[in-house]
Protein chains: 2
Amino acid sequence: MIVKLLFLRFIISNWPAMELLMQSLKMGINSELYIKDPESSDLGKKIVEHSISMIDEMGFERFTFKKLGLRIKSNESSIYRYFENKHKLLLYLASWYWGWLEYRMVFATNGISDPREKLKKAIEVLTQNVQEDSSVSHINEVVLNRIIIDEYSKSLLVKEVGKEKKDGYFIVYKRLVGRLGKMVEEVDKDYRYPNSLASTVLEGALYQYFLREHFSTLTDCDENITPTEYFTDLVFSILKKA
Amino acid sequence: MIVKLLFLRFIISNWPAMELLMQSLKMGINSELYIKDPESSDLGKKIVEHSISMIDEMGFERFTFKKLGLRIKSNESSIYRYFENKHKLLLYLASWYWGWLEYRMVFATNGISDPREKLKKAIEVLTQNVQEDSSVSHINEVVLNRIIIDEYSKSLLVKEVGKEKKDGYFIVYKRLVGRLGKMVEEVDKDYRYPNSLASTVLEGALYQYFLREHFSTLTDCDENITPTEYFTDLVFSILKKA
DNA sequence: CAAAAATAATAGCTTTACTATCATATTATG
DNA sequence: CATAATATGATAGTAAAGCTATTATTTTTG
């Protein structure tokens, strides 16, 4: 009884934050990434939910809409009414992921006025690997984080797509890099490469996790040393001391 | 006449170096990456040569052995006698590329005794983009560099392959990161993340070139600022001063 | 309840990623 | 130089991927 009550209170107290999160996430994701908004129906949510777990299990190349249809007992053709193809679906998942990270970062750094503390917190949130499946019911953020580590680079590769479209697909990521770059500038106005540093941290953190998992000799990160520690040290060694 | 003579002298004087390069390159490349050594025949060389240009033109996913066959007026099935599939071919090209860079790096840093100067030179060679089609006749290193920037991450993604095999496919790259890591250690024995820094520099340089080309707002690199400059500054800010 | 919208079932098409077989060059060697 | 070995080419075929189209059946909603 008490448990239930507590649970209820939790839901209620978190409702506005959750709403805000969903708002902010949906706002960010470019509507050209989907044909029909997957958040708008049960089937759509199922598609997103199970595509995440299937890509994690079998890897992006072996994942197909046909297999997904079988898994969720729906029809291949129905899935095509939500996403043009699996590449767009991956872009959608990636946008969702970066939007979610952005939200958490903004939230976590919100009250902090000292630029160094703020940047430190931001790096922490952005380079930590996700441990808890927290906010949105049908999306498992832990698994999503794993597939982003393994598959994100595939989403970038876009010979087929024109500059304008490409820009749209990556607005969320671009905005996130921009924010981080700004925070770097706040700490050291004279540093000449804030955007490069920001993109290096975001991409580099994924890469270090990838290496830790698949090519451990290429990284010093392990159970003890985290990518967060490595990049925090890196960034604050580079920026001039206060 | 004078031009011809000079050219001849150049070839002759470079012959041993060239031989050595070829040796070192072939040595490095894991023989499981090909079925039949492409260096051993005209057809093999053609396959390598034209696969590079075709991947550059159309991107790795659109590139197929059938199309390559058409281009070089050979048969799809003949190509399959050299490479198991296009993914292995990409791994072969990547190994070749890293081996070539490794060779140039070792060569360029050979005489240098000061660890800082040595590391600086290494970073220069490893992060510079390739401007001249220099050493091996049938391989255009400029174009190869371009496809590595765009497609290298695809070669890494290896859900299908077991740990042991994977290690074999990437020996050259691993050795290169190892070498660079060692040079970092030589400069600062107390730095805790030499391998992570080495892998960050190699991967990060490719990424900065990629961004410069496709998402220029995410980087400060442009015609004036090079990834080499950015990473040189980064590395030497991190390592403790002499 | 009827119309509209969403989903499912089925079929079919083109391309990719191969494998297999047999024919024909090319090269090596006795 | 003959011939056996080897490399390459031509052709065919298969399974799966990556779609599109059509029609039938639910489900939603005004």
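Because the structure is a prediction, the values reported are computed rather than measured. (Residues numbered from 1 in each chain as written. Chains lettered and ligands numbered in written order. Predicted model: local features only at pLDDT ≥ 70, side-chain atom pairs only at ≥ 80, totals over all residues. Heavy atoms only, no water.)

Caption draft 1: Here's a closer look at the overall build of chain A. In terms of helices and strands, chain A carries 11 helices and zero strands. Starting at the N terminus, the α and β elements of chain A follow one another as α-α-α-α-α-α-α-α-α-α-α. Residues counted as buried form 52% of the 242 residues belonging to chain A. The contacts in chain A between residues at least 6 apart in sequence include a share of 68% that link residues at least 24 apart. Carbon together with sulfur atoms contributes 55% to the accessible area of chain A, which is approximately 11500 Å² in total. (Helix = DSSP H or I, 4+ residues; strand = E, 2+ residues; numbered from the N terminus. Buried < 20%, exposed > 50% of the residue type's maximum accessible area, 1.4 Å probe, protein only. Contact = heavy atoms within 4.5 Å. Areas by Shrake-Rupley, 256 points an atom, 1.4 Å probe, with all protein chains shown as cover.)

Caption draft 2: A look at the environment of K121 of chain A. Of note, K121 of chain A is situated in helix α6 (residues 115–127). Judged by relative accessible area, which is 29%, K121 of chain A ranks as partly exposed.

Caption draft 3: Local environment of the protein's contact with DNA strand C. Around DNA strand C there are 18 residues in total, and S74 and Y82 of chain A together with E76, Y80 and N85 of chain B lie nearest to it. Here the atoms of DNA strand C within 4 Å of the protein split so that 62% fall in sugar or phosphate, with bases taking the remainder. With respect to DNA strand C, the side chain of S77 of chain A contributes an N or O atom lying 3.5 Å from a base nitrogen. Where the surface near DNA strand C is concerned, the elements lending two or more residues are α4 (76–80) of chain A together with α4 (76–80) of chain B. Ranked by residues supplied to the surface near DNA strand C, first place goes to α4 of chain B with three residues. Looking at the surface near DNA strand C residue by residue, the classes come out as three nonpolar, eight polar and seven charged. (Near = heavy atom within 4 Å. Polar contact = N/O pair within 3.5 Å; in protein donor to acceptor, adjacent residues only side chain to side chain. Nonpolar A, V, L, I, M, F, W, Y, C, P; charged D, E, K, R; others polar.)

Caption draft 4: Spatial organisation of the side chain of H138 of chain A. All names here are of chain A. Residue placement: H138 occurs in the loop between α6 and α7 (141–156). We classify H138 as buried; its relative accessible area is 10%. Not counting chain neighbours up to four residues away, the residues in contact with H138 comprise E39, K45, V48 and E49.

Caption draft 5: How the structure looks around the protein's contact with DNA strand D. Neighbouring DNA strand D are 18 residues; E76 and N85 of chain A together with S74, R81 and Y82 of chain B lie closest to it. Protein-adjacent atoms of DNA strand D, using a 4 Å cutoff, are sugar or phosphate at a proportion of 56%. A distance of 2.3 Å is found between a phosphate oxygen of DNA strand D and a side-chain nitrogen or oxygen belonging to S74 of chain B. The contact in question runs from a base oxygen of DNA strand D to an N or O atom on the side chain of R81 of chain B, over 3.1 Å.

Caption draft 6: View of the layout of surface pockets. Put simply, the largest pocket is a space of about 570 Å³. Lining the largest pocket are 20 residues, and of these E61 and K154 of chain A together with F60, E61 and K154 of chain B sit closest to its centre. Contributions of two or more residues to the lining of the largest pocket are made by α5 (86–109) of chain A together with α5 (86–109) of chain B. By residue number, the principal contributor to the lining of the largest pocket is α5 of chain B, which donates four residues. A per-class count over the lining of the largest pocket returns seven nonpolar, three polar and 10 charged. (1 Å grid on protein atoms, 1.4 Å probe; cavity = no way out; pocket = protein on both sides within 12 Å on 5 of 7 lines; lining within 4 Å. Points joined across faces, edges and corners; volume = space filled by probe spheres on them.)

Caption draft 7: A look at the relation of the copies chain B and chain A. With an RMSD of 0.0 Å, chain B superimposes on chain A once it is rotated by 180 degrees and translated 0.0 Å along the axis. The transformation just described matches what one would write down for a two-fold rotation axis. An overlap of 100% is found between the interface residues of chain B and their copies at the interface of chain A, pointing to a shared contact surface. (Least-squares fit on C-alpha atoms with pLDDT ≥ 70 in both.)

Caption draft 8: Examining the packing of aromatic side chains more closely. The final tally for this structure, using the stated rule, is 33 aromatic pairs over all chains. Each ring, one from F210 of chain A and one from F215 of chain A, has its centre 6.3 Å from the other, and the planes form 45 degrees; the classification is tilted. By relative accessible area, which is 5% here, F210 of chain A ends up buried. Between the aromatic rings of W96 of chain B and W100 of chain B, the centroid separation amounts to 6.5 Å while the plane-to-plane angle is 20 degrees, which identifies the pairing as stacked. Linking W96 of chain B with W100 of chain B, this pair stays in helix α5, spanning four residues, or about one helical turn. Like W100 of chain B, W96 of chain B is buried. In textbook terms, an aromatic cluster arises when at least three aromatic residues are bridged by ring pairs, as seen for W96, Y97, W98, W100, Y152 and Y173 of chain A. Above the plane of the ring of F60 of chain B lies K86 of chain B, whose end atom (NZ or CZ) is 4.9 Å from the centre. Directly above the ring of F215 of chain A sits K166 of chain B, whose terminal nitrogen or CZ lies 5.6 Å from the centroid. (Phe/Tyr/Trp six-rings, centres within 6.5 Å; stacked < 30°, edge-to-face > 60°. Lys NZ or Arg CZ within 6 Å of the ring centre and 35° of its normal.)

Caption draft 9: Region of the structure containing helix α9 (residues 171–187) of chain A. Taking 1.5 Å of rise per residue, the 17 residues of α9 of chain A would be expected to cover 24 Å, and the 25 Å separating its terminal C-alpha atoms lies within 8% of that figure. Those residues of α9 of chain A that fall on the buried side of the exposure criterion are V172, Y173, K174, L176, V177, L180, G181, M183, V184 and V187 of chain A. (Expected span 1.5 Å × (residues − 1).)

Caption draft 10: Structural view of the packing of α6 of chain A against α9 of chain A. Residue and element names in this part refer to chain A. In contact at an axis separation of 8 Å, α6 and α9 are set at 150 degrees when each is read in the N-to-C sense. In terms of their interaxial angle, α6 and α9 are classed as roughly antiparallel. The two elements α6 and α9 meet at a crossing, and its hand is left-handed. For the pair formed by α6 and α9, the contact residues are P115, R116, K118, L119, A122 and L126 on the first element and L176, L180, M183, V184, E186 and V187 on the second. (Axes fitted to C-alpha atoms, helices over the stretch in contact; angles between N-to-C directions. Parallel < 35°, antiparallel > 145°, perpendicular 65-115°, else oblique. Left-handed = near helix turned anticlockwise from the far one by under 90°.)

Caption draft 11: Looking closely at the pattern of salt bridges. For the structure shown, the criterion picks out 33 salt bridges over all chains. Close ionic contact of D190 of chain A with K240 of chain A constitutes a salt bridge, the shortest N to O distance being 3.0 Å. Of this pair, D190 of chain A sits in the loop between α9 and α10 (194–214) while K240 of chain A sits in the segment after α11 (227–238), placing them 50 residues apart in sequence. By relative accessible area, which is 58% here, D190 of chain A ends up exposed. Looking at K240 of chain A, the relative accessible area reads 41%, which means it is partly exposed. Taking the shortest distance from any N to any O, the salt bridge between K154 of chain B and E151 of chain B comes out at 2.4 Å. With a gap of three residues between them, K154 of chain B and E151 of chain B both fall in helix α7 (residues 141–156), about one helical turn apart. Residue classification places K154 of chain B among the buried residues on the basis of a relative accessible area of 9%. A network of salt bridges, in which partner residues are shared, links E61, E151 and K154 of chain A. (Salt bridge = Lys/Arg side-chain N within 4 Å of Asp/Glu carboxyl O.)

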